[in-house]
Amino acid sequence: MAEDHLRYDILAQEALRGVVRKVLAEVSRTGLPGEHHFFISFATRAPGVRLSEKLLTQYDKEMTIVLQNQYWDLKVNETGFEVGLSFDGVPETLVIPFAAIKGFFDPSVQFGLQFDPATAPREDGSEEDAADAKAERTEKGETAEGEQSGEKVVSLDAFRKKP
């Protein structure tokens, strides 16, 4: 198979992160429409993630938040978002770069996206570093947790509404 010099995997992941960015930006301006709500999973130790030590201790690797009824101060920029949530009655502000997001799901319409953190651009915007790191892991025979080396096809059928 020919080598992908254009890095379609990175381009596709970035485009899908753009969907999350647009959706959250709209919700920050107008609120959640209808029954929409979001489950957002992210890597807690990814560069740029900010959360309290208590939460980081409790969620060492990954965390899923729900944006539905009780969130506040949702702010979205080009690289990530900030949101206020309550954990055990304690208000917290979380800062989450889009590059740290591993999954986005809106159960009201059965729409979901999964992201490969290895294709995420660095905070400085450098996609090449992420691509090089993934290539190095592949050459060494290493893969991300649960990932098999070889071609990777992501099917969205599981997230589509059944007629």
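Relevant structure appears above.
This one's a predicted model, so the numbers in the text were calculated from it and none came from an experiment. (Residues numbered from 1 in each chain as written. Predicted model: local features only at pLDDT ≥ 70, side-chain atom pairs only at ≥ 80, totals over all residues. Heavy atoms only, no water.)

*Asks:* Can you walk me through the sheet that holds strand 2 (residues 62-67) in this structure?
*Replies:* By definition, the strands of a sheet pair up through backbone hydrogen bonds, in either a parallel or an antiparallel sense. Sheet architecture is open: four strands sit in the order 2-1-6-7, paired in antiparallel fashion. Either end of the sheet is taken by a strand with one partner, and the two such strands are strand 2 and strand 7 (111-114). Mean inter-strand twist for the sheet, computed between neighbouring axes without regard to direction, equals 10°. Bridge count between strand 1 (residues 38-43) and strand 2: six bridges; the pairing is antiparallel. Following the sheet pairing, Ala43 is matched in strand 2 by Glu62. (Pairing = 2+ DSSP bridges. Helix = DSSP H or I, 4+ residues; strand = E, 2+ residues; numbered from the N terminus. Axes fitted to C-alpha atoms, helices over the stretch in contact; angles between N-to-C directions.)

*Asks:* Looking at this structure, how should I read a nonpolar patch on the surface?
*Replies:* Together, Leu6, Tyr8 and Leu11 make up an exposed nonpolar region whose accessible area comes to about 340 Å². Here Leu11 shows up in helix 1 (residues 8-30). (Patch = residues over 30% accessible without salt bridge, like charges linked within 9 Å, V, L, I, M, F, W, Y side chains within 5 Å. Areas by Shrake-Rupley, 256 points an atom, 1.4 Å probe, with all protein chains shown as cover. Salt bridge = Lys/Arg side-chain N within 4 Å of Asp/Glu carboxyl O.)

*Asks:* When you look at the pattern of salt bridges in this model, what are you seeing that I'm missing?
*Replies:* Where charged atoms from two side chains of opposite charge approach closely, those side chains can pair. As enumerated under the stated definition, the model contains seven salt bridges in all. Here Asp9 and Arg7 are joined by a salt bridge, their closest N and O atoms 2.7 Å apart. Arg7 sits in the partly exposed class, given a relative accessible area of 24%. (Buried < 20%, exposed > 50% of the residue type's maximum accessible area, 1.4 Å probe, protein only.)

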